[in-house]
Amino acid sequence: MPHILVVDDDSSITSVLKRGLAFEGFSVDVAESGRSALTLARDRAPDAIVLDVMLPEIDGFEVLRRVRAADHNVPVMMLSARDECRMQLQGFDDGADDYVSKPFSIELIAARLRALLRRRDLDAPAVLRFADLSLDTGTRRATRGARDIALTTTEYEVLRQFLLHPRRVLPKHLLMDRVWGYRHEGSDNLLEVYVKQLPQKLEDVGERRLIHTLRGAGYVIRET
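Structure report, in brief. These numbers come from a predicted model, not from an experiment. (Residues numbered from 1 in each chain as written. Predicted model: local features only at pLDDT ≥ 70, side-chain atom pairs only at ≥ 80, totals over all residues. Heavy atoms only, no water.)

Thoughts on helix 7 (residues 172-179)
In plain terms, the rule: We call a residue buried when its accessible area falls under 20% of the maximum for its residue type, exposed when it is over 50%, and partly exposed in between, using a 1.4 Å probe and counting protein chains only. Put simply, DSSP H or I for four residues or longer makes a helix, DSSP E for two residues or longer makes a strand, and each gets a number counted from the N terminus.
The buried fraction of helix 7 amounts to six of the eight residues, a majority that puts the element mostly inside the structure. Listing the buried residues of helix 7 in full gives Leu174, Leu175, Met176, Asp177, Arg178 and Val179.

What to know about the sheet that holds strand 5 (residues 98-101)
The criterion, for reference: Criterion used throughout: strands pair if DSSP finds at least two bridges between them. To get an axis, a line is fitted to the C-alpha atoms, and for a helix only the part in contact is used. The angle between two axes follows their N-to-C directions and goes from 0 to 180 degrees.
The strand order 2-1-3-4-5 describes an open sheet built from five strands, whose pairing is parallel. Two strands bound the open sheet, and with one partner strand each, they are strand 2 (27-31) and strand 5. For this sheet the average axis-to-axis angle between neighbouring strands, irrespective of direction, equals 20°. Looking at chain direction, strand 4 (residues 76-80) and strand 5 are connected through four bridges and run parallel. Bridge pairing links Leu79 to Val100 in strand 5.

A few points about the packing of helix 6 (residues 153-164) against helix 7
Formally: Throughout this description, any angle smaller than 35 degrees is read as roughly parallel, any larger than 145 degrees as roughly antiparallel, any in the 65 to 115 degree range as roughly perpendicular, and the remainder as oblique. Crossing handedness: left-handed means the near helix sits turned counterclockwise from the far one by under a right angle, and right-handed means the same turn made clockwise. Any two residues whose heavy atoms approach within 4.5 Å are treated as being in contact. Three classes are used, and their members are as follows: Ala, Val, Leu, Ile, Met, Phe, Trp, Tyr, Cys and Pro are nonpolar, Asp, Glu, Lys and Arg are charged, and the others, Gly among them, are polar.
Between helix 6 and helix 7, the least distance of the axes is 10 Å, while the angle of their chain directions is 125°. When the interaxial angle is binned, helix 6 and helix 7 end up oblique. For helix 6 against helix 7, the interelement crossing comes out right-handed. Every residue of helix 7 that contacts helix 6 at Thr154, Glu157, Val158, Gln161 and Phe162 is listed here: Leu175, Arg178 and Val179. For the contact of helix 6 with helix 7, the residue count by class is four nonpolar, two polar and two charged.

Focus: the pairing of strand 1 (residues 3-7)
We count it as follows: The crossover handedness rule: strands pointing away from the viewer, path from first strand over the helix to second strand clockwise, crossover right-handed.
Judged by how many residues are buried, strand 1 sits mostly within the fold: five of five residues are covered. As paired elements, strand 1 and strand 2 share five bridges and run parallel to each other. Looking at strand 2, one finds that Ile4 is bridged to Val28. Handedness of the β-α-β unit built from strand 1, helix 1 (residues 11-23) and strand 2 comes out right-handed. Sheet analysis places strand 1 next to strand 3 (residues 48-52), joined by four bridges and oriented parallel. Across the sheet, residue Leu5 finds its bridge partner in strand 3, namely Ile49.

Remarks on the environment of Leu163
Along the chain, the position of Leu163 falls in helix 6. Look at Leu163 and you get buried, because its relative accessible area is 5%. Measuring from C-alpha to C-alpha, the distance between Leu163 and Glu107 comes to 31 Å, with 56 residues separating the pair along the chain. Setting aside residues no more than four positions away along its own chain, Leu163 makes contact with Leu128, Arg129, Phe130, Leu133, Leu135 and Ile221.

Re the pairing of strand 6 (residues 127-130)
Where a strand is regular, its side chains alternate between the two sheet faces. A one-sided burial pattern is seen for strand 6, the buried positions being Leu128 and Phe130 and the unburied ones Val127 and Arg129. Bridge analysis of strand 6 against strand 7 (residues 133-136) gives four bridges, and the strand direction is antiparallel. Considered in strand 7, the bridge of Leu128 is made with Leu135. Between strand 6 and strand 7, which pair antiparallel and follow one another directly, the connecting turn spans two residues, one of which, Ala131, has a positive phi of 55°.

Some remarks on the nonpolar core
What counts here: Here, the term nonpolar core denotes a set of buried Ala, Val, Leu, Ile, Met, Phe, Trp, Tyr and Cys residues that are joined through side-chain atoms within 4.5 Å.
Core analysis: the biggest nonpolar cluster contains 27 residues, and Leu133, Leu159, Phe162, Leu163, Leu191, Ile211 and Ile221 have the highest contact counts within it. Elements with a minimum of two residues in this core: strand 6, strand 7, helix 6, helix 7, helix 8 (187-202) and strand 11 (218-221). The contacts of Ile211, once residues within four sequence positions are left out, are Phe162, Val195, Leu198, Pro199, Leu202, Val220 and Ile221.

Next comes the structure, spelled out in structure tokens:
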């Protein structure tokens, strides 16, 4: 289930977008200021962002620039009540992937988000790397240095999520949604089994730890 961050200071708009996108098959987080948007983008790693231009504290263009500095790949769709060419050009120059003027239809937003996510998947690098760890998404071959690592299908999917979001904290529910696509009884325990198995394989010959558990927050892949 794709995870979308919706950023707008108008609660009526965020409410409509949250309900409508959930109906279209997305999970949705909402932020009503630029500062809270940056915090959520850092801590909960969205698959795409729907971002209003006019925001309190930090405006949408500055949020976009900071998001781009941290993550070049996350698709960002800008929203604005002002259908001005100048503003659209600024958004695209700052790194926006799409621009939609208000008022809008939920169906249009959902369709364009799906298109952005498809394009992101096509543009994703064939080999994901972090430190001395590599994952070839074509052959599904994992290596650490010169050592091959045998992964099950689910271990591969969990590791791919970590490598797509290096140094980003991934909450348990987010990993469950992205790997299994649903929640069920005992899901946290199931995820913990795989997150425990992965470091055992990645550190089989004494390599330094890369996957870390952050109590109460989730998991992260980082150097220390």
